[in-house]
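# Secondary and tertiary structure notes
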Amino acid sequence: MKREKRDYIDLYTDYLISIQGKATATGLSDMLEGEVSHDQITRFLSKELLDSKELWKEIKELVREIEDEEGVIIFDDTIQEKKWTKENEIISWHYDHKVGIAVKGINILNCLYYNKDISIPIAYEIIKKDIKYCDIESKKEKRKSLKTKNEIMRELFKVAIQNHIKFKYVLMDSWFSAKENFQYIRKYKKHFISAIKSNRLFATSLKNKLQGRFERVDKIEQADERPILGYIKGYDKPVLLYRQIFKNRDGSIGKIHLVCSDTTLDKDKITTIYKKRWKVEEYHKSLKHNANLAKSPTKTVMTQSNHIFLSILAFFKLETLKIKHNLNHFALKAKLWIKANLVVFSQLQMLKSA
């Protein structure tokens, strides 16, 4: 039976959801009892690049069902460590701000759409360090990207605009709080709520801005109580500054400085909307644990890139199952594994009694 690209996409994504160990072409072939050979699967992964354009074809129908102006898009990147995989333009050294060091792995910049308690990855780009250079200080060959993450972020935002997705707010952490991003979002008449670093400078009035009287945002005491209307240094439009104070799981007190371009919002609205940014963290966690992002021994840039695409699509499949069965991704996987373990247990009893 001749299989089309669509068939292989379905088989591979179902396989990623089903397995507990590494994803391999041989493993998928064995699971299908040889109906599809491992060579066929390898050829599928090597044939053509699957990317954000292909992803849009898969997700478009559900996006159209759930979208409205209450939707938000969220930008964030994630790093999947790949210590033992040979370095190339997508498996390279990236600074991981969560651990404070550079790690070897894959860095993916994601654009997530969230509305009505549904998360849909609508675009992504694998960070490519495609330029090799010699570091003068260490005298070692290193890699860097042709484009910055902020430039890529704006490209992904433009994809959401071109696909006519309905949303009002863009949510970001401080790594994407560049003035060029703010300007680009407002150019398309969308609003942003973004974290900014505590050393950013802020003027509490137009008069102060014109006189060059800026203060560090962490020194503006009133921002604890209510949003302050003013100006970030380098960005001409007025924004609201609000310092959100919260308790961490370990009992310590945390602070985050938020700026919002929608000057009609109060502090409750700002924090309620920005809280949705956490959905991208849940997405990254499920992508790694439930869609087997890391568990592939693929060797080439093409096959590694296609495995990433198929992992993202596997997440999307889990999200559609979540809607249907009202179970989160981890509960869905647990349900599958219980069934699988029952089959294994039954097979063991048969072998023992043979």
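Below you will find a few notes about this structure. Every value quoted in this text rests on a predicted model; they were computed, and no experiment measured them.

Rules and cut-offs
- Residues numbered from 1 in each chain as written.
- Predicted model: local features only at pLDDT ≥ 70, side-chain atom pairs only at ≥ 80, totals over all residues.
- Heavy atoms only, no water.
- Buried < 20%, exposed > 50% of the residue type's maximum accessible area, 1.4 Å probe, protein only.
- Helix = DSSP H or I, 4+ residues; strand = E, 2+ residues; numbered from the N terminus.
- Pairing = 2+ DSSP bridges.
- Right-handed = clockwise from strand over helix to strand, strands pointing away.
- Core = buried A, V, L, I, M, F, W, Y, C linked by side-chain atoms within 4.5 Å.
- Contact = heavy atoms within 4.5 Å.
- Phe/Tyr/Trp six-rings, centres within 6.5 Å; stacked < 30°, edge-to-face > 60°.
- Lys NZ or Arg CZ within 6 Å of the ring centre and 35° of its normal.
- Polar contact = N/O pair within 3.5 Å; in protein donor to acceptor, adjacent residues only side chain to side chain.
- Disulfide = S-S within 2.5 Å.
- Axes fitted to C-alpha atoms, helices over the stretch in contact; angles between N-to-C directions.
- Parallel < 35°, antiparallel > 145°, perpendicular 65-115°, else oblique.
- Nonpolar A, V, L, I, M, F, W, Y, C, P; charged D, E, K, R; others polar.
- Salt bridge = Lys/Arg side-chain N within 4 Å of Asp/Glu carboxyl O.

Here the focus is the pairing of strand 8 (residues 191-196). Most of strand 8 sits out of view: six of its six residues are buried. Across the two faces of strand 8 the burial is the same, with H191, I193 and A195 and F192, S194 and I196 all buried. The sheet contact formed by strand 7 (residues 169-172) and strand 8 spans four bridges and is parallel. Along strand 8, the bridge assignment pairs V170 with F192. At this point the chain moves from strand 7, through helix 6 (residues 179-187), to the parallel strand 8, and the crossover so formed is right-handed. Sheet topology note: the strand 8/strand 13 (residues 253-260) ladder contains four bridges and is antiparallel. Counted as the bridge partner of A195 is L258 from strand 13.

Before going further, it helps to spend a moment on the pairing of strand 3 (residues 101-115). Taking burial as the measure, the 15 residues of strand 3 include 13 buried ones, the bulk of the element. By the bridge criterion, six bridges tie strand 2 (residues 91-96) to strand 3 in an arrangement that is antiparallel. Its bridge partner lying in strand 3, Y95 is registered against A102. Hairpin connection between strand 2 and strand 3: a loop of four residues separates the two successive antiparallel strands, and G100 in this loop has a positive phi of roughly 80°.

A general tendency of soluble globular proteins is for nonpolar side chains to be buried together. I73 and I122 are the most contacted members of the largest nonpolar core, which has 92 residues in total. Tallying contributions element by element places helix 10 (residues 301-325) first for this core, with nine residues. If we ignore the near neighbours within four places in the chain, the residues touching I73 are C111, L112, Y113, I122, F157, A160, F167, Y169, V170 and L171.

Inspection of the secondary structure puts A203 in strand 9 (residues 201-203). When its relative accessible area of 0% is taken as the criterion, A203 is described as buried. A203 sits 80 residues away from Y283 along the chain, and the two C-alpha atoms are 36 Å apart. Leave out the neighbours within four places in its chain, and A203 touches N208, K209, R213, F214, G230 and Y231.

For any two aromatic rings, the description comes down to two numbers: the centre-to-centre distance and the angle of the planes. Considering all chains together, one arrives at ten aromatic pairs under this definition. Measuring from centroid to centroid gives 6.0 Å for F192 and Y235, while their planes differ by 70°, and the two rings are edge-to-face. Of this pair, F192 sits in strand 8 while Y235 sits in the loop between strand 11 (228-232) and strand 12 (239-247), and the two are 43 residues apart along the sequence. Y235 shares its class with F192; the two are buried. In textbook terms, an aromatic cluster arises when at least three aromatic residues are bridged by ring pairs, as seen for F157, F167, Y184 and Y188. Sitting above the plane of the F167 ring, K190 keeps its charged end 4.5 Å from the centroid. Positioned above the aromatic ring of W175 is the side chain of K197, whose terminal nitrogen or guanidinium carbon lies 4.7 Å from the ring centre.

Once that is clear, we can look at the side chain of S261. By the secondary structure assignment, S261 is in the loop between strand 13 and helix 8 (267-274). Within polar-contact distance, the side chain of S261 engages the backbone nitrogen of F192 at 2.9 Å. Excluding residues that lie within four positions of it along the chain, S261 makes contacts with R186, H191, F192, P238 and V239.

Applying the stated criterion across every chain, the model contains zero disulfides. Take C111: it sits in no disulfide, and the sulfur closest to it among the cysteines is that of C260, at 18 Å. Among the residues examined, C260 registers a relative accessible area of 1% and is labelled buried.

All right, on to the packing of helix 5 (residues 149-162) against helix 6 then. Axis separation between helix 5 and helix 6 bottoms out at 10 Å; the angle between their running directions is 10°. Put simply, helix 5 runs roughly parallel to helix 6. Residues N150, M153, R154, F157 and K158 of helix 5 form the contact with helix 6, whose own contacting residues are E180, N181, Y184 and I185. A class-by-class count of the residues in the contact of helix 5 with helix 6 yields four nonpolar, two polar and three charged.

With that out of the way, let us pick up the pattern of salt bridges. In this structure the tally under the stated criterion is 22 salt bridges. Of the charged contacts in the structure, one is a salt bridge between D76 and R277, with a shortest N-O distance of 3.5 Å. Of this pair, D76 sits in strand 1 (residues 72-81) while R277 is found in the loop between helix 8 and helix 9 (278-289), placing the two residues 201 residues apart along the sequence. The burial state of D76 is the same as that of R277; both residues are buried. Here K209 and D236 are joined by a salt bridge, their closest N and O atoms 3.8 Å apart. Here D236 lies in the loop between strand 11 and strand 12 and K209 lies in helix 7 (residues 206-210), a separation of 27 residues in the sequence. Where salt bridges share partners, they join R6, D10, D14, E58 and K317 into one cluster.

Our focus in this paragraph is unusual backbone geometry. Positive phi, close to 55°, is recorded for E33, a residue that is not glycine. By the element assignment, E33 lies in the loop between helix 2 (25-31) and helix 3 (38-47). Residue classification places E33 among the exposed positions, given a relative accessible area of 75%. Located in the positive-phi region is H164, a residue other than glycine, with phi close to 55°. Within the secondary structure layout, H164 lies in the loop between helix 5 and strand 7.

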